[in-house]
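Chain and residue survey
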Amino acid sequence: MKTTFDKDWRFHLGDEPTAFWAEWLQRGFDDSQWRRLDLPHDWSIELPRDPNSPSCPEGGYFVDGLGWYRKRFAAPEAWRGKRVAVRFEGVFKNAEIWVNDRYVGRHPYGYTSFTMDLTDHIKVGRENLLVVRVDNSAPKHSRWYSGSGIYRHVWLLVSDLVHVAEGGLYVTTPEVSGESARVRPETTVVNESDSARSVTVRWVVRGPEGEDCGTREAEGEVPAGECRAFAEELALTNPSLWSPDHPALYRVEVEVRAGDELLDDDATSFGIRTIEFSAAEGFRLNGEPITMRGGCVHHDCGPLGSTSIDRAEERKVEVLKASGFNAIRCAHNPPAPAFLGACDRLGMLVIDEAFDNWRERGTPNDNHVVFDDWWQRDLDSMVLRDRNHPSIVLWSIGNEVKEAGQPWGPEIARRLAARVKSLDPTRPVTCAVNNWPEWEQVDDFYAELDVCGYNYLLKRYEEDHARCPDRIMVATETFASQAYEYWQAAARLPYLIGDFVWTSMDYLGESGIGGTWLEGEPEAPTEKSWLPGYPWHQAYCGDIDICGWKRAHSYYRDLLWHRPDSLFIGVHAPVPEGRKLARKEWGWPDVEVCWNWPGLEGQKLQVDVYSACEEVELLLNGSPVGRRKMREKDRLIAAFQVRFAPGELTAVGYRGGEKVAEHSLVTAGPAAALRLTADRNPIWADPNDLAYVTVEAVDAEGRLAPKADHVARFTVTGPGHLAAVGSNNPRHAEPYRGERHRLYRGRCLAIVRPSEEAGDITLRAEADGLAAAALTIATQARG
């Protein structure tokens, strides 16, 4: 039995002297004054940001701290003689667990899933108490926003003492072709009873439409206190192969029986596909060459913080897929299971990454403090949990680890890679490395990897290939500002299997790493801080912003990847005379999709047109501004100087003298009303679903008013609530929780979360001086 354990927890933010702990661990303690909530939960996103926060710009000035969770639950008589456990998908961080005043265990790393066996501490027939202490109070524990709390799902597991091991259902496909495939399900059975047990393990394989594809059985004895792996094979004809374009998923269901008694069951989806890597032919999926159009993704969910709601995880994949990405690198930790499930369903290749650092620290209190004691358990957690996902094509054992150029680095890499392959020999292992002064020192480290990760090392590709012609490379991180050069290399060099921009989706923390600022302004980086200061708190380097909307460089990447006849117009805001703009290499010019510049009539503005056409013409109110032939050195950007006048600015693209594309910006009138648009309607009556509602100020003609900055106020009625609000303004000081938010460049985002009750949710938005708007979101029960 696997059931959700997310509901009805009590939460207290802060700690007390140890003397109070004994009272808090008791069932009789009165926690009625503690906050009642459902998981997942991130308390950092709920608190006001603080310019003096120890999280600093790396953590986005969010407040971390320490929190306690308590949950009461009944243990019915049916649990007597059973194994009872709780599965945590993710707790950030330093989780300690008690049951009925008994210490059960701890888990330091905030990104790996873990299970706590409660069997010996449960009181059957009585109320029981589970207590979790989460300590995220150490300063400078992360290089980005981590969030704090039990931020992923929790599950209650009740099984016989003879049961399927955690991660013990493993499916491989040893032989695959277009005509047939061999499927090999393997199940590890654990016997925690005091006597040997004879069991029958039965597998059923189902196809993409749920059809029965075959059944196999195996029998054997499992000694007391031991485990045993059972495996069988079955052949499929004309299998549907998994790929990003056709993400066909099969399913294996397993039962463990002793005679007619069902002891345990489990199930997993899987995909049938082949992966091959070579320096000569690059990466081949199902025998076909494919270059990874990739991006790095942190774990947070934008305005939700790190709160991992299934729809939030799915939407990240959905938005990136729609923008042309076919691959994601999980930076720099294992993601939520729901994220990988979405990658499987929607068709997205994945590099699943374990760590940001090993023994050498990245920040004073990051995971390096427990690495030696915990690395194997954390690697096991990642691989055993995730190895059935067909989307995963590479395991990564680290990012920019400082051991890469040290004499002891290769030995650590060897141990980690060997451990991964002992659990899953079907995928290669990589690790991301950045520059070293004596670059060839990294050769021995790279020799321990199957695929070598290169971070920001464009100039190393070809010279390294000349030295090491059999080396397979992947650009694990690249600068947005050099998107053209990096992608040209990936498209041209067969031994470079893909390009992963930092980042595909924006994130909280590493404040302003991709931002633009005026040199000398108070928030600009200084000698003491390489990042801009408060109130910057978004990284602002993503192709997609934290609301899920495309930014300028996403439209640019469209030209590189899959929409060569598209056009984009971006307008640079004027820079005060005598001042200069600055940004880092992760950034992109902060152009606006806007032809509203009141007070600047007659002044010159720089207008960039992104185009892969042979020629580009720009017109203002029908009159030519200029026409340019696109050259290699233009890098798909034609820059024009245009004297502003209200009206219509139009770009036209030509091939062979014929018009093939056109795009316009039109001056909008004054903001007159609000408009609400949901990403989906209806949605499920399920707290794991969400409606993402774009809130816009529009003029009388329904056009976006791009300079509107009104404060929108929200009310929600019906079976749901407002889960978060936000905008893509990287330096606002407003909270992401609440019932109001200021528009930025004419819009903001409201996220509505349904309850389990089906019905209509109404979101109403108001702003001073604008006509209000209301949106009804229907929710329906799952079948």
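Each chain has its residues counted from 1, running along the sequence as written. Confidence filtering applies because this is a predicted model: local features only for residues at pLDDT of at least 70, side-chain atom pairs given and counted only at 80 or more, and all residues used for totals across whole chains, interfaces and linings. The side-chain numbers reported here are obtained from all heavy atoms of the structure, hydrogens and water having been left aside.

1. Side note on the overall build of the protein
Formally: Put simply, DSSP H or I for four residues or longer makes a helix, DSSP E for two residues or longer makes a strand, and each gets a number counted from the N terminus. Both definitions apply: the radius of gyration is a C-alpha atom measure, and the globule rule equals 2.2 Å times residues to the power 0.38. Burial classes follow relative accessibility: with a 1.4 Å probe on protein chains only, a residue under 20% of its type's maximum area counts as buried, one over 50% as exposed, and anything between as partly exposed. Only the protein chains shown count as cover for residues, with accessible areas throughout obtained via the Shrake-Rupley method and a probe of 1.4 Å. Charge assignment in this entry is limited to Lys and Arg as positive and Asp and Glu as negative, and neither His nor the chain termini are counted. The location of each charge is read from NZ of Lys, CZ of Arg, CG of Asp or CD of Glu.
Across its full length, the protein carries nine helices and 47 strands. Against the 2.2 N^0.38 benchmark of 28 Å for 783 residues, the protein shows a C-alpha radius of gyration of 27 Å, consistent with a compact globule. Looking at the protein as a whole, 58% of its 783 residues qualify as buried. Working note: accessible area of the protein is about 30400 Å², and carbon and sulfur atoms make up 47% of it. Separation between the mean location of the 90 positive side-chain charges and that of the 119 negative ones in the protein comes to 3 Å.

2. Brief notes about the state of the cysteines
How we decide: Cysteine sulfur atoms are paired as a disulfide whenever they come within 2.5 Å of each other.
The tally for this structure, following the rule as stated, stands at zero disulfides. The thiol of Cys343 is unpaired, and the distance to the nearest cysteine sulfur, on Cys330, comes to 6.5 Å. With a relative accessible area of 0%, Cys343 lands in the buried category. Between Cys431, a cysteine without a disulfide, and Cys452, which holds the nearest cysteine sulfur, the sulfur-to-sulfur distance is 9.7 Å.

3. Section: the sheet that holds strand E18 (residues 261-270)
So the rule is basically this: Strands are labelled as partners when DSSP assigns at least two bridges between them. Helix axes use the C-alpha atoms of the stretch in contact, all axes being lines fitted to C-alpha atoms, and the angles between their N-to-C directions lie in the range 0 to 180 degrees.
With antiparallel pairing, the four strands of this open sheet are ordered in space as E14-E13-E17-E18. With one partner strand each, in any of the chains shown, strand E14 (212-222) and E18 form the two edges of the open sheet. Each strand of the sheet is rotated relative to its neighbour by a mean of 15 degrees, with strand direction disregarded.

4. Focus: the nonpolar core
Rule in force here: The nonpolar core is taken to be a set of buried Ala, Val, Leu, Ile, Met, Phe, Trp, Tyr and Cys residues, with the residues joined through side-chain atoms within 4.5 Å. In this description, contact between two residues means that some pair of their heavy atoms is separated by no more than 4.5 Å.
Membership of the largest hydrophobic core comes to 105 residues, with the highest contact counts inside it found for Trp358 and Phe445. Those residues in contact with Trp358, other than ones at most four positions away along the chain, are His368, Phe371, Ile397, Gly398, Val401, Glu403, Gly409, Ile412, Ala413, Leu416, Cys431 and Phe445. If you look at the next biggest cluster of nonpolar residues, it comprises 28 residues, including Ala75, Val86, Val154 and Leu156.

5. A closer look at the pattern of salt bridges
To be explicit about the condition: Any carboxyl oxygen of Asp or Glu within 4 Å of a side-chain nitrogen of Lys or Arg constitutes a salt bridge here.
Throughout the structure, instances matching the rule amount to 63 salt bridges. In this structure, the salt-bridge partner of Asp443 is Arg467, at a minimum N-O distance of 2.6 Å. Here Arg467 lies in helix H7 (residues 461-467) and Asp443 lies in helix H6 (residues 443-446), a separation of 24 residues in the sequence. Put simply, Arg311, Glu314, Glu318, Arg345 and Asp679 are held in one network by salt bridges that share partners.

6. A look at the packing of helix H2 (residues 310-322) against helix H3 (residues 337-346)
Heads up, the rule is: Convention used here: angles under 35 degrees read as roughly parallel, angles over 145 as roughly antiparallel, angles from 65 to 115 as roughly perpendicular, and any remaining angle as oblique. Crossings are sorted by hand: turned counterclockwise from the far helix by less than a right angle, the near helix makes the crossing left-handed, and turned clockwise it makes it right-handed.
It is at 8 Å that the axes of H2 and H3 come closest, and there the two elements cross at 40 degrees. Here H3 runs oblique to H2, going by the angle between their axes. Viewed along their axes, H2 and H3 form a crossing whose handedness is right-handed. Only Ala338, Phe339, Ala342, Cys343, Arg345 and Leu346 of H3 make contact with H2, whose side of the interface consists of Asp310, Glu313, Glu314, Lys316, Val317, Glu318 and Lys321.

7. Some details on the environment of Thr119
What counts, and what does not: The definition of a polar contact used here is a pair of N or O atoms within 3.5 Å, where within protein one atom must be able to donate a hydrogen and the other to accept one, and adjacent residues in sequence count solely through side-chain atom pairs.
Mapped onto the secondary structure, Thr119 falls in the loop between strand E8 (114-117) and strand E9 (127-136). The sequence separation of Thr119 and Glu23 amounts to 96 residues, and the corresponding C-alpha distance is 23 Å. Looking at Thr119, its side chain comes within polar contact range of the main-chain nitrogen of Val84, at 3.0 Å.

8. Remarks on the packing of aromatic side chains
Selection criterion: For Phe, Tyr and Trp, rings pair up if their centres lie within 6.5 Å, where Trp contributes its six-membered ring, and each pair is then called stacked (planes under 30 degrees apart), edge-to-face (over 60) or tilted (otherwise).
A complete count under the given rule lists 42 aromatic pairs for this structure. Seen from their ring centres, Tyr446 and Tyr454 are 5.2 Å apart, and the 20 degrees between their planes marks the pair as stacked. On the basis of relative accessibility, which here comes to 2%, the residue Tyr446 falls in the buried class. The interplanar angle of 65 degrees and the centroid separation of 5.9 Å between the aromatic rings of Tyr454 and Tyr461 together place this pair among those described as edge-to-face. As far as burial versus exposure is concerned, Tyr454 and Tyr461 are alike and both buried. Site record: aromatic cluster; members linked through ring pairs are Phe5, Trp9, Phe11, Trp43, Tyr69, Phe73 and Trp79.

9. Details of the sheet that holds E9
Sheet strands associate in pairs through backbone hydrogen bonding, adopting either a parallel or an antiparallel arrangement. In spatial order, the strands read E3-E2-E4-E9-E6-E7; together these six strands make up an open sheet with antiparallel pairing. The two strands at the open ends of the sheet, each matched to only one other strand, are strand E3 (35-37) and strand E7 (102-107). Pairs of neighbouring strands in the sheet enclose a mean axial angle of 25 degrees, with direction left out of account. In the sheet, strand E4 (residues 65-74) pairs with E9 via ten bridges, with the strands oriented antiparallel. When the sheet's bridge partners are listed, Tyr69 is paired in E9 with Val132.

10. Some words on the environment of Asp366
Tracing the backbone through its elements, the reader meets Asp366 in the loop between strand E24 (349-353) and helix H4 (371-386). Of the residues examined, Asp366 reaches a relative accessible area of 4% and is grouped as buried. C-alpha separation for the pair Asp366 and Leu704, spaced 338 residues apart in sequence, amounts to 44 Å. Sequence-distant contacts of Asp366, defined by excluding residues within four places in its chain, comprise Lys93, Lys140, His141, Asn357 and Arg361. Looking at Asp366, its side chain comes within polar contact range of the side chain of Asn357, at 3.3 Å. Within polar-contact distance, the side chain of Asp366 engages the side chain of His368 at 2.5 Å.

11. A word on unusual backbone geometry
Cis peptide bonds are those with omega within 30 degrees of zero, and the linkage from Trp502 to Thr503 qualifies with -10 degrees. Residue placement: Thr503 occurs in the loop between strand E29 (496-502) and strand E30 (516-518). Residue Pro535 is bonded to the preceding Tyr534 through a cis peptide linkage, with omega at 10 degrees.

12. Structural notes on the environment of Glu281
Examined against the element boundaries, Glu281 turns out to sit in the loop between strand E19 (275-278) and strand E20 (282-285). Of the residues examined, Glu281 reaches a relative accessible area of 47% and is grouped as partly exposed. For Glu281 and Tyr446, which are 165 residues apart along the polypeptide, the C-alpha to C-alpha distance reads 19 Å.

13. Some thoughts on H4
Residues of H4 that are buried: Phe371, Trp374, Trp375, Asp378, Leu379, Asp380, Ser381, Met382, Val383, Arg385 and Asp386. Structurally, H4 contributes buried residues whose contacts are with strand E5 (83-88), E7, H3, E24, strand E25 (392-399) and helix H5 (409-423).

14. Digging into the packing of H4 against H5
Helices that pack against each other are described as a pair by the angle of their axes relative to one another and the distance between those axes. Defined as follows: Just so you know the grouping, Ala, Val, Leu, Ile, Met, Phe, Trp, Tyr, Cys and Pro go in nonpolar, Asp, Glu, Lys and Arg go in charged, and all remaining residues, Gly too, go in polar.
One can describe the packing of H4 onto H5 by two numbers: an axis separation of 9 Å at closest approach and a directional angle of 30 degrees. Considering the relative orientation of H4 and H5, their crossing is right-handed. Where H4 approaches H5, its residues Phe371, Trp375, Gln376, Leu379, Asp380, Val383 and Leu384 are matched on the opposing element by Ile412, Arg415, Leu416, Arg419, Val420 and Leu423. Here the contact of H4 with H5 is built from residues that sort into nine nonpolar, one polar and three charged.

15. Here's the deal with the pairing of E7
Where strand E6 (residues 95-99) meets E7, five bridges bridge the pair, whose relative direction is antiparallel. Each bridged residue has a counterpart across the sheet, and for Ala95 the counterpart in E7 is His107. Linking E6 to E7, which pair antiparallel, is a turn of two residues; within it Asn100 sits at a positive phi near 50 degrees.

16. Things to note about the side chain of Arg753
Following the sequence through the fold, Arg753 ends up in strand E45 (residues 747-754). This buried residue, Arg753, is left without a salt bridge; Asp6 holds the nearest opposite charge, at 6.4 Å. Here Pro687 takes part through its backbone oxygen, which lies 2.7 Å from a polar atom of the side chain of Arg753. Among residues more than four places away in sequence, those in contact with Arg753 are Leu39, Pro40, Ile309, Pro687, Asp689, Leu690, Gly720, His721 and Ala723.

17. Here's the deal with H5
Quick reminder of the rule: Expected helix span is computed as 1.5 Å times (number of residues minus one). The reported arc concerns the directions from the helix axis to the C-beta atoms and nothing else.
Over its 15 residues, H5 runs 22 Å from end to end, which matches the ideal 21 Å to within 8%, given 1.5 Å per residue. Buried within H5 are the following residues: Gly409, Pro410, Ile412, Ala413, Leu416, Ala417, Val420 and Leu423. Across the axial projection of H5, the buried residues extend over an arc of 160 degrees, all falling on one side. As for H5, its buried residues are in contact with strand E11 (162-176), H4, E25, strand E26 (429-433) and H6.

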